[in-house]
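Examining the three-dimensional arrangement
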Amino acid sequence: MRRSTGHALLSAALIAGVGSAIAYQASGYLIGAIYGGSMRAHRLSAESNVRSVKEPIKPDEWAGDNVYLGRWKANSTAGRAVVNILTVEPTRLRWGTPLNGICDSDYSVEILPWGRNGTFPDQLVPPSEPSDLVVGVARLTLFPKPCHTGDAVVQLAIPLDGSNRMAMNTYDRNGKLTAQYPDLTLIR
């Protein structure tokens, strides 16, 4: 009898220990699930707060009769390798090649003062000789973030002489000039 009582007590203690371990393990999973769920909810809330960026700003006339809109072909070797075709739509901007990366982004617009006598601001390549040429300049800030290439701003300059030429500069998020493409032509 003693032996069966001892065996019963040992079995009961073992069952109680296993049951306790299982309950402890289950409570750990439950606590982990609750904690993980609350952390996920907090992270999603934080991410949604980060993504609440203002919509791109564009002048009212941007979508209408706009000299910047269209498909522009880069003509230099570097331009063809990096830009290839620049597409400026009323709501999207796209350029690039599969080899060097493609940038496809929304943007906001700032129209800069027109340059006179063939010169224009912000490091765009000026003509070699002074002239009466007037140049329209627009700065497009990529939205909601820079391209994977690091380009955050694209500046376009068009001589307002009906020549269908355009110059393009790219800048990083700190305003540092990253590239110049002075020789784009409008594709018909």
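Read on for an overview of the structure. Note that this is a predicted model, so its numbers are computed, not measured.

Comments concerning the state of the cysteines
- Applying the stated criterion across every chain yields a total of one disulfide.
- Note that cysteine 103 is cross-linked by a disulfide to cysteine 147, the S-S spacing being 1.5 Å. Between cysteine 103 and cysteine 147 the sulfur-sulfur dihedral comes to about 50 degrees; the bridge is accordingly right-handed. Highlighted residues: cysteine 103 in strand 4 (residues 101–115) and cysteine 147 in the loop between strand 5 (135–143) and strand 6 (153–159), separated in sequence by 44 residues.
- Looking at cysteine 103, the relative accessible area reads 2%, which means it is buried.

A closer look at the environment of aspartate 151
- Along the chain, aspartate 151 falls in the loop between strand 5 and strand 6.
- Look at aspartate 151 and you get buried, because its relative accessible area is 10%.
- Sequence separation between aspartate 151 and threonine 170 is 19 residues, and the spatial gap between their C-alpha atoms is 6.1 Å.
- Sequence-distant contacts of aspartate 151, that is, excluding residues within four places in its chain, are made with Trp95, Leu142, Pro146, Thr170, Tyr171 and Thr178.
- Here threonine 149 takes part through its side chain, which lies 3.1 Å from a polar atom of the side chain of aspartate 151.
- Within polar-contact distance, the side chain of aspartate 151 engages the side chain of threonine 178 at 3.0 Å.

About the thresholds
- Residues numbered from 1 in each chain as written.
- Predicted model: local features only at pLDDT ≥ 70, side-chain atom pairs only at ≥ 80, totals over all residues.
- Heavy atoms only, no water.
- Disulfide = S-S within 2.5 Å.
- Helix = DSSP H or I, 4+ residues; strand = E, 2+ residues; numbered from the N terminus.
- Buried < 20%, exposed > 50% of the residue type's maximum accessible area, 1.4 Å probe, protein only.
- Contact = heavy atoms within 4.5 Å.
- Polar contact = N/O pair within 3.5 Å; in protein donor to acceptor, adjacent residues only side chain to side chain.

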